[in-house]
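Close look at the chain arrangement
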Amino acid sequence: MNFKLMKNTGIYTLLGFIPLVSSFVLLPIYTQYLTAADYGIVSLAGVMESYLLVLITFGMQSAFSVYYFDYLNLNNGIARLLSTVLLSILGIGLIFVMIFLFGGEYIFNSLWENNLPFKKYGWYIYSNAVVLSLNQIIFQYYRVSENLKQVMFVSLAPFFGSTIGGIIGIVILKNGALGGVTGKAIGTLLMSIPFYLLLFKKIGVGFDAKIAKNIFNYAYPFVLIFFISNLSETADRFLMNQYFDLKIVGIYAFSLVVVSPIRILIQSYWNSVTPSMYKAVSENSIGKINIVHNGLSGVLIVSLTSIWGVIMVVDPVIRIVANPTYYGAIYYIPVLALTVFGRSYDLIYTFNASFYKMTKFLPLINVASLVVGVSSALILVGHIGIGAIFVAVVLSKITQGVSAYLIDKLLGYNSFPLQYQMPLVLLTFVMVILNYIVIYDHFGSNIEIVHFTEGVLFFLAFFLYNRDLFKKIVNHLN
């Protein structure tokens with residue numbers, strides 16, 4: 001059973017990061033064949049797609065998982081449930097067809113000005129969002145029915161389709177940003193439509209109004225939650241598009257992808273340890289405090305080591321995989337890496353609220369983060385230019401972590417010490433800030449020496465600060 005749990009956890013963790021893996025696979029293609037401006041357009045298309053995904057899915061992926069077990073033992077219950085939910089998503093998709101037929105240009109121009117014209121990109125972005133919405137439901141269907149092979153297929157088919165389509169559109173057809181957007185959309189459609197036809201042939205095409213009513217009543221609050229969360233994560237791209245040209249947007253988007261391995265490592269670690277943490281708390285196990293504390297402690301350790309690992313290697317990696325247009329990202333990476341701490345403290349201090357089903361307070365975290373980020377950017381952008389975006393993003397993520405801590409404390413949990421690894425967290429902030437204030441101007445193109453030296457010094461401080469922890473690990477292994 002333990003082996004099965006570990007295997008399933010590992011597979012779901014990997015599948016959960018397929019979208020980011022796709023970005024990494026295509027990254028050398030993007031940065032060699034696309035200008036920074038074209039990359040900016042591809043990034044904006046991805047942001048727009050993420051909002052359509054939230055609105056078209058309408059929270060039904062969460063509802064489906066809950067109602068699955070209610071219909072499991074009913075005659076043809078699961079087939080009716082799945083068919084109703086899929087048809088509901090297609091129905092919402094048709095509503096957006098009508099909206100875009102009459103107002104697509106206005107909506108896209110209002111959001112993105114002339115940088116992402118609907119006539120050129122809109123329908124491809126829309127079609128990809130519909131397919132991914134359907135896939136989210138099908139993924140949940142196979143996940144809760146424990147059909148791991150089909151889970152893998154549903155996750156990997158769009159990945160291969162979009163990756164191959166993107167490569168064809170950009171490299172072979174040489175259509176730039178349009179080739180990237182259209183290639184991904186067409187590739188995803190071609191890989192998914194035959195599967196949908198076979199699935200509907202198996203479950204039948206039927207719509208149950210009672211099921212639909214129950215699903216929508218449960219799902220609609222999640223739309224606001226997911227929308228606010230998505231807005232908090234993508235507000236920086238809206239502001240970048242508003243105040244700066246597409247070249248800068250492209251370099252910024254490229255920097256976010258380079259930083260994303262840190263988030264992947266943290267989330268992978270979190271997915272691996274939370275089952276044992278939940279089990280220890282739910283069963284009131286002996287030593288549950290140590291189990292939870294060790295799990296939460298690991299979040300900060302993984303964060304610190306991965307942040308400095310990326311900073312140390314970012315310079316040579318960018319110079320190898322990207323053309324010189326993107327070299328400016330080398331200066332963006334360290335400050336964007338700091339934002340990871342917000343996510344880390346958010347995971348740590350929302351653990352109890354999530355476990356004890358006090359999640360109604362959690363949207364406040366994203367609201368606070370969004371307000372601080374947007375307002376600080378608007379206040380500072382006229383004074384320090386693009387630096388305002390980076391300050392705003394860092395302040396936004398700090399607010400995320402602080403809000404999570406305050407909510408955890410107000411709810412009466414507060415079981416994890418705030419000071420844990422705090423000297424190393426503060427050291428990271430100080431070193432990165434000093435780079436921008438003092439050091440970068442003096443080293444110019446040789447900043448890889450700075451990053452590598454700082455990384456070595458940090459890891460030395462890390463091992464010295466945690467020497468007792470490492471002694472315990474060595475003794476345990478012996």
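See above for the structure.
Here the structure is a predicted model, which means the values were calculated and not measured. (Residues numbered from 1 in each chain as written. Predicted model: local features only at pLDDT ≥ 70, side-chain atom pairs only at ≥ 80, totals over all residues. Heavy atoms only, no water.)

On to the overall build of the protein chain. Per the secondary structure count, the protein chain includes 19 helices and zero strands. Here the C-alpha atoms of the protein chain give a radius of gyration of 23 Å, agreeing with the 23 Å that 2.2 N^0.38 yields for 478 residues. Counting only residues that meet the buried cut, the protein chain has 51% of its 478 residues in that class. If you sum the accessible surface of the protein chain, you get close to 22700 Å²; carbon and sulfur atoms cover 68% of it. Measuring between centres, the 27 positive side-chain charges of the protein chain sit 11 Å from its 18 negative side-chain charges. (Helix = DSSP H or I, 4+ residues; strand = E, 2+ residues; numbered from the N terminus. Rg over C-alpha atoms; globule rule 2.2 N^0.38 Å. Buried < 20%, exposed > 50% of the residue type's maximum accessible area, 1.4 Å probe, protein only. Areas by Shrake-Rupley, 256 points an atom, 1.4 Å probe, with all protein chains shown as cover. Lys, Arg positive; Asp, Glu negative; His and termini not counted. Charge placed at Lys NZ, Arg CZ, Asp CG, Glu CD.)

Turning our eyes to something else, we now look at unusual backbone geometry. Positioned with a positive phi, Asn76 is a non-glycine residue whose angle comes to about 55 degrees. When you line up the elements, Asn76 lands in the loop between helix H4 (60-71) and helix H5 (77-112). With a relative accessible area of 47%, Asn76 lands in the partly exposed category. A positive phi angle, near 60 degrees, is found at Gln421, a position not held by glycine.

This structure, assessed with the given rule, holds one cavity of 30 Å³ or more. Of the voids in this model, the largest cavity is the one considered here, and its volume is about 50 Å³. Surrounding the largest cavity, Asn135, Ile138, Phe153, Val154, Ala157, Pro158, Met191, Ser192 and Phe195 form its lining. Mapped by element, the contributors of at least two residues to the lining of the largest cavity are helix H6 (118-144), helix H7 (148-172) and helix H8 (176-203). (1 Å grid on protein atoms, 1.4 Å probe; cavity = no way out; pocket = protein on both sides within 12 Å on 5 of 7 lines; lining within 4 Å. Points joined across faces, edges and corners; volume = space filled by probe spheres on them.)

Our next topic: the packing of aromatic side chains. Under the counting rule described, the total for this entry stands at 37 aromatic pairs. The interplanar angle of 90 degrees and the centroid separation of 5.8 Å between the aromatic rings of Trp123 and Tyr126 together place this pair among those described as edge-to-face. Of this pair, Trp123 and Tyr126 both sit in helix H6, three residues apart, which is roughly one turn of the helix. The interplanar angle of 75 degrees and the centroid separation of 5.9 Å between the aromatic rings of Phe462 and Phe470 together place this pair among those described as edge-to-face. Owing to a relative accessible area of 3%, Phe462 belongs among the buried residues under this scheme. A connected cluster of aromatic rings, assembled from ring pairs, spans Phe96, Phe100, Phe108, Phe118, Trp123 and Tyr126. Here the guanidinium or amino end of Arg319 rests over the ring plane of Tyr327, the centre of that ring lying 5.0 Å away. (Phe/Tyr/Trp six-rings, centres within 6.5 Å; stacked < 30°, edge-to-face > 60°. Lys NZ or Arg CZ within 6 Å of the ring centre and 35° of its normal.)

Turning our attention to the layout of surface pockets. Taken as a whole, the second largest pocket spans an internal volume of roughly 530 Å³. Counting only elements with at least two residues in the lining of the second largest pocket, the list comes to helix H10 (246-282), helix H11 (288-321) and helix H19 (467-477). Top contributing element to the lining of the second largest pocket by residue count: H11, with eight residues. Of the residues contributing to the lining of the second largest pocket, the split by class is 10 nonpolar, nine polar and two charged. (Nonpolar A, V, L, I, M, F, W, Y, C, P; charged D, E, K, R; others polar.)

Let us look at the environment of Ile29. For Ile29, the location among the structural elements is in helix H2 (residues 18-33). Setting aside residues no more than four positions away along its own chain, Ile29 makes contact with Leu34, Ile167, Ile170 and Val171. (Contact = heavy atoms within 4.5 Å.)

Quick look at a nonpolar patch on the surface now. A grouping of Tyr331, Val430, Ile433, Leu434, Tyr436, Ile437 and Val438 is seen on the molecular surface, where their side chains present a nonpolar patch of about 600 Å² in accessible area. Among the elements that take part in the nonpolar patch, helix H17 (residues 422-443) stands out by supplying six residues, more than any other. (Patch = residues over 30% accessible without salt bridge, like charges linked within 9 Å, V, L, I, M, F, W, Y side chains within 5 Å. Salt bridge = Lys/Arg side-chain N within 4 Å of Asp/Glu carboxyl O.)

As a further point, take the nonpolar core. Membership of the largest hydrophobic core comes to 138 residues, with the highest contact counts inside it found for Ile56, Phe64, Leu81, Leu116, Ile125, Tyr252 and Phe254. A total of 17 residues in this core trace back to one element, the largest contributor, which is H10. The residues touching Ile125, leaving out its near neighbours within four places in the chain, are Ala45, Met48, Glu49, Leu52, Phe108, Leu116 and Val181. (Core = buried A, V, L, I, M, F, W, Y, C linked by side-chain atoms within 4.5 Å.)

In this section: helix H13 (residues 340-349). Counting buried residues along H13, nine of its 10 residues qualify, which places the element largely inside the surrounding structure. Looking only at H13, the buried set comprises Val340, Phe341, Gly342, Ser344, Tyr345, Asp346, Leu347, Ile348 and Tyr349.

This part covers the pattern of salt bridges. Inspection of the entire model under this criterion finds four salt bridges. A salt bridge links Asp346 to Arg343; the shortest N-O distance between them is 3.3 Å. Residue Asp346 and its partner Arg343 are located together in helix H13, separated by three residues, close to a single helical turn. Taking the relative accessible area as the measure of exposure, Arg343 reaches 30% and is therefore partly exposed.

All right, on to H7 then. Compared with an ideal rise of 1.5 Å per residue, which puts 25 residues at 36 Å, H7 spans 35 Å between its outermost C-alpha atoms and is within 8% of the ideal. One or two residues past the end of H7 sits Lys174, with phi positive at roughly 55 degrees. (Expected span 1.5 Å × (residues − 1).)

Attention now moves to the packing of H11 against helix H12 (residues 329-338). For any two helices packed against each other, the geometry comes down to the angle between their axes and how far apart the axes lie. Orientation of H11 relative to H12, taken along the N-to-C sense of each, is 165 degrees, at an axis distance of 10 Å. It follows that H11 is roughly antiparallel to H12 by the angle criterion. Relative to H12, H11 is oriented so that their crossing is right-handed. Two secondary-structure elements touch here, H11 through Ile307, Val310, Ile311, Val314, Asp315, Ile318 and Arg319 and H12 through Ala329, Ile330, Ile333, Pro334 and Ala337. (Axes fitted to C-alpha atoms, helices over the stretch in contact; angles between N-to-C directions. Parallel < 35°, antiparallel > 145°, perpendicular 65-115°, else oblique. Left-handed = near helix turned anticlockwise from the far one by under 90°.)

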